[in-house]
Amino acid sequence: MTEQELVARARRGDETAFEALVTENEKRIYNLCRRLTGNQEDAAELTQEAFLNAWRGLGRFQGESSFSTWLYRLATNACIDFLRKEKRRQSLSMTVSLDDEEEARQVELPDERYAPEGALERAEARRAVAEGLERLTLEHRQVLVMREIHGLSYAEIGQVLGLEEGTVKSRIARARGALRKVLTERGNLFGEPSSKKR
């Protein structure tokens, strides 16, 4: 059953269809919340809040974007509201895991999977990126997480954040520059930036 069919059934009150939508999107939404808040428990609560808001708001979902993009927007808004309320923007502790096959493509590292020094270098690189992300503003962190870790297109990020595509591109460029500066200042720049994705 397609996402559109599941959404149509869920809008008519079919809880099983909505459960299927939750199952399809739960991991990605949780990972987004975890990376934005830096806390597993907060991320779990905010993931539930995003899905609850989606269930309550299904009648207002117009289908102009995909359901998953709409969920990203709901989750991002929930995280931003939470962080503003908690006033924790300056003291976030983020954990970024690039171990997943899908996410590993985002980091340019040599293929030394079986060498102990390779594993150590990868762990250091992940730690450097996590610490670098922690030092960025929430605005910069959220676009980098969506683009570089979740692989959203410029258009999808624009839909999630309610921004023009050109604004998204310039914000990502500024965020990459800010991250590069942080990594360079801390002596953790481990390679030239990869070529820009289109």
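Shown above is the structure to which this text applies.
What you see is a predicted model; the values in this text were computed from it and never measured.

What counts, and where the lines are drawn
Residues numbered from 1 in each chain as written. Predicted model: local features only at pLDDT ≥ 70, side-chain atom pairs only at ≥ 80, totals over all residues. Heavy atoms only, no water. Helix = DSSP H or I, 4+ residues; strand = E, 2+ residues; numbered from the N terminus. Buried < 20%, exposed > 50% of the residue type's maximum accessible area, 1.4 Å probe, protein only. Contact = heavy atoms within 4.5 Å. Areas by Shrake-Rupley, 256 points an atom, 1.4 Å probe, with all protein chains shown as cover. Arc of directions from axis to C-beta. Phe/Tyr/Trp six-rings, centres within 6.5 Å; stacked < 30°, edge-to-face > 60°. Lys NZ or Arg CZ within 6 Å of the ring centre and 35° of its normal.

Q: Please give an account of the overall build of the protein that cites residues and values.
A: Secondary structure assignment for the protein yields 9 helices and 0 strands. Ordered by position in the sequence, the α and β elements of the protein form the string α-α-α-α-α-α-α-α-α. Looking at the protein residue by residue over its 198 residues, the buried ones come to 42%. Long-range contacts, defined here as pairs at least 24 residues apart, represent 66% of the contacts in the protein between residues at least 6 apart. With the model as given, the accessible surface of the protein reaches about 11,400 Å², and the carbon-plus-sulfur share is 45%.

Q: Now, about helix H8 (residues 154-161): what can you tell me, with residues and values included?
A: Inspection of H8 places Tyr154, Ile157, Gly158, Val160 and Leu161 among the buried residues, and these make up the whole buried set. Looking down the long axis of H8, one finds its buried residues gathered within 165° of arc, a one-sided arrangement. Buried residues belonging to H8 abut helix H4 (67-86), helix H7 (138-149) and helix H9 (165-185). Count one or two residues on from H8 and you reach Gly162, which has phi positive near 70°.

Q: Outline the packing of aromatic side chains, supporting the account with residue identities and numerical values.
A: Applying the stated criterion across every chain, the model contains 4 aromatic pairs. Measuring from ring centre to ring centre gives 5.7 Å for Phe67 and Trp70, while their planes differ by 55°; the resulting arrangement is tilted. Note that Phe67 and Trp70 are positioned in helix H4 at a spacing of 3 residues, about one turn of the helix. Connected via pairs of aromatic rings, a cluster forms that spans Phe61, Phe67 and Trp70. Positioned above the aromatic ring of Tyr154, the side-chain terminus of Arg147 is 4.1 Å from the ring centre.

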